[in-house]
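# A closer look at the structure
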Amino acid sequence: MQQTQPEQHEQELEAEFERLVADDQRIEPRDWMPEGYRKTLIRQIAQHAHSEIIGMQPEGNWLTRAPSLQRKAILLAKVQDEAGHGLYLYSAAETLGVDRAELLDKLHQGKQKYSSIFNYPSLGWADMGAIGWLVDGAAIVNQIPITRCSYGPYARAMVRICKEESFHQRQGFDILYTLSHGTEAQHQMAQDAVNRWWWPSVMMFGPPDDDSPNSAQSMKWGIKRFSNDELRRRFIDMTVPQAEVLGLSLPDPELVWDEENERYAHGPIDWDELYENIKGNGPCNAERIEHRVRAHEQGGWVREAANAYAAKHGDQAGATSGQSQERVA
Ligand SMILES: [Fe+2]
Ligand SMILES: [Fe+2]
């Protein structure tokens, strides 16, 4: 067989990658992929993982002040789920050849982002309801299409994450429903939390389509399936009828059913607020990172102990698996 020139070989690999994406097949870690595809995925998965663990803070803030043991147990399970989501996602990112410690360093140094929503403060118990209902609700709309992402490990991680997000949304809805149908003061608490979390949740889908420079390439690669504005519309269409069931209003007087387009029309979004938040000027940006860095430093002894344990028992584990491999061979 004639030897393949390196350039020709590269072209063949690229053609194979394009074919897999066009056929809606999954790209796996062993497969060749363009450098831009790898970098885009690392950036997106890392940002997603960071959002999961930073997102533990606004709710972690209320764990010790939950109004009953049952609410506390539910919220604790939810916050633990978010830590688990972070773990799946850091592991998915590691299949692309980066190290988790390196990604955490970048988060701590402000070189990688997390979702702007977690820079808003959680001021009361009703915020636990609004976060679960709206923020986890928006996350579901965002994440369901990622279960069909062209990169296998990311898509598979998302299947399990989405199942857990459904529970998160239901628990938020349940908190708000209870408050909304309680005393007048409880109803007001629920309404106030929804008033504060609505617009930040609408902004979670990112900038409008005409100001989202990386979207087209991500769509072409099968990483992103729907545009920011399309996902935002889906979220609004899904949420408005739920607000009616809750007996709460959404803080947008222009939110009306658009008969012709069969969707809800909404009022103008304050994009400056989002861009300021992304730049680091949201209400809690500094506080979130400070807390994260402190927790990381204070947890150093746990990582050291885990490494020491692995070093002590790792050889044994290696020897065992080596033996079984020989037997299989
Ligand atoms: Fe999550
Ligand atoms: Fe969640």
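Note that the structure is predicted; figures quoted are calculated from it, not measured.

This part is about the coordination of the iron ion (ligand 2). For a metal with four tetrahedral donors the ideal donor-metal-donor angle is 109.5 degrees, whereas six octahedral donors ideally subtend 90 or 180 degrees. Protein coordination at the iron ion (ligand 2): the donors are Glu82 (OE), Asp136 (OD), Glu165 (OE) and His168 (ND1), at 1.9 to 2.2 Å from the metal. Here the iron ion (ligand 2) is ringed by 4 donor atoms whose angles at the metal span 88 to 163°, and the overall shape comes out irregular. The metal-metal distance between the iron ion (ligand 2) and the iron ion (ligand 1) is 3.3 Å, with Glu82 coordinating both. A residue pair is termed a helical-turn pair when its members lie 3 or 4 positions apart in one helix, as Glu165 and His168 do in helix H7 (residues 152-180) at 3 residues. The class of Glu165 is buried, set by a relative accessible area of 2%.

At 2.1 to 2.2 Å from the iron ion (ligand 1) lie its protein donor atoms, namely Glu52 (OE), Glu82 (OE), His85 (ND1) and Glu165 (OE). Viewed at the metal, the 4 donor atoms of the iron ion (ligand 1) are separated by angles of 84 to 146°, and the geometry they form is irregular. Donor residues for the iron ion (ligand 1), ordered by position in the chain, follow E-x29-E-x2-H-x79-E.

A few words on the confidence of the model for the protein. Interpretation of the predicted coordinates at a detailed level should be avoided for regions scoring low in pLDDT. Here the protein shows a mean pLDDT of 92. Residues at 70 or above account for 94%. The secondary structure element of the protein with the lowest average pLDDT is helix H13 (residues 300-328), at 68, and the one with the highest is helix H8 (residues 184-203), at 98. This stretch, residues 318-329, has a pLDDT under 50; its non-local contacts, to residues over four places away or in other chains, come to 0 contacts.

Right, let's get into the side chain of Ser116. Tracing the sequence through the fold places Ser116 in the loop between helix H5 (100-108) and helix H6 (126-143). If we ignore the near neighbours within four places in the chain, the residues touching Ser116 are Leu274 and Asn277.

Quick look at the layout of surface pockets now. Volume-wise, the second largest pocket comes out at about 380 Å³. Ile53, Met56, Ala83, Arg292 and Ala295 are, among the 16 residues lining the second largest pocket, the residues nearest its centre. Taken together, the elements giving at least two residues each to the lining of the second largest pocket come down to helix H3 (56-60), helix H4 (69-94), H5 and helix H12 (285-298). Top contributing element to the lining of the second largest pocket by residue count: H4, with 5 residues.

A word on the packing of H8 against helix H10 (residues 228-246). In the contact formed by H8 and H10, the axes pass within 9 Å of each other and the chain directions differ by 145°. Where H8 approaches H10, its residues Trp198, Ser201, Val202 and Met203 are matched on the opposing element by Arg232, Phe235, Ile236 and Thr239.

Right, let's get into H12. An ideal rise of 1.5 Å per residue puts 20 Å on 14 residues; H12 measures up with 20 Å between its terminal C-alpha atoms. All of the buried residues in H12 are Asn285, Arg288, Ile289, Arg292 and His296. The arc that holds every buried residue of H12, seen down its axis, measures 90°, which confines them to one face. Facing away from the buried surface of H12 by more than 90 degrees, the exposed residues are Ala286, Glu290, Glu297 and Gln298.

Where H4 meets H7, the closest approach of the two axes is 10 Å, and the angle between their N-to-C directions is 160°. What the angle tells us is that H4 and H7 run roughly antiparallel. For H4 against H7, the interelement crossing comes out left-handed. Grouping the constituent residues of the contact of H4 with H7 by class yields 11 nonpolar, 4 polar and 8 charged.

Let us now look at the side chain of Glu59. In this structure, Glu59 sits in helix H3. Taking relative accessible area as the criterion, Glu59 reaches 1% and is therefore assigned buried.

What follows covers the environment of Lys279. Take Lys279: it is sitting in helix H11 (residues 271-281). The spatial distance from the C-alpha of Lys279 to the C-alpha of Leu246 is 35 Å, given a sequence separation of 33 residues.

Moving on: the packing of aromatic side chains. Scanning the entire structure with this criterion turns up 8 aromatic pairs. With a centroid separation of 5.4 Å and an interplanar angle of 40°, the aromatic rings of Phe205 and Phe235 are classed as tilted. Here the residue Phe205 occupies a position in the loop between H8 and helix H9 (215-220), and Phe235 occupies one in helix H10, the gap between them amounting to 30 residues. By relative accessible area, which is 0% here, Phe235 ends up buried. Here the aromatic cluster, defined as three or more aromatic residues joined through ring pairs, consists of Phe17, Trp32, Tyr37 and Trp221. One cation-aromatic arrangement involves Arg65 over Trp62; the distance from NZ or CZ to the ring centre is 3.9 Å. Positioned above the aromatic ring of Phe226, the side-chain terminus of Arg234 is 3.9 Å from the ring centre.

Definitions and limits used
- Residues numbered from 1 in each chain as written.
- Chains lettered and ligands numbered in written order.
- Predicted model: local features only at pLDDT ≥ 70, side-chain atom pairs only at ≥ 80, totals over all residues.
- Heavy atoms only, no water.
- Donors = N, O, S within 2.8 Å, 3.2 Å for Na, K, Ca; no water.
- Tetrahedral: all angles 85-135°; square planar, octahedral: opposite > 155°, others 65-115°.
- Helix = DSSP H or I, 4+ residues; strand = E, 2+ residues; numbered from the N terminus.
- Buried < 20%, exposed > 50% of the residue type's maximum accessible area, 1.4 Å probe, protein only.
- pLDDT = per-residue confidence, 0-100.
- Contact = heavy atoms within 4.5 Å.
- 1 Å grid on protein atoms, 1.4 Å probe; cavity = no way out; pocket = protein on both sides within 12 Å on 5 of 7 lines; lining within 4 Å.
- Points joined across faces, edges and corners; volume = space filled by probe spheres on them.
- Axes fitted to C-alpha atoms, helices over the stretch in contact; angles between N-to-C directions.
- Expected span 1.5 Å × (residues − 1).
- Arc of directions from axis to C-beta.
- Parallel < 35°, antiparallel > 145°, perpendicular 65-115°, else oblique.
- Left-handed = near helix turned anticlockwise from the far one by under 90°.
- Nonpolar A, V, L, I, M, F, W, Y, C, P; charged D, E, K, R; others polar.
- Phe/Tyr/Trp six-rings, centres within 6.5 Å; stacked < 30°, edge-to-face > 60°.
- Lys NZ or Arg CZ within 6 Å of the ring centre and 35° of its normal.

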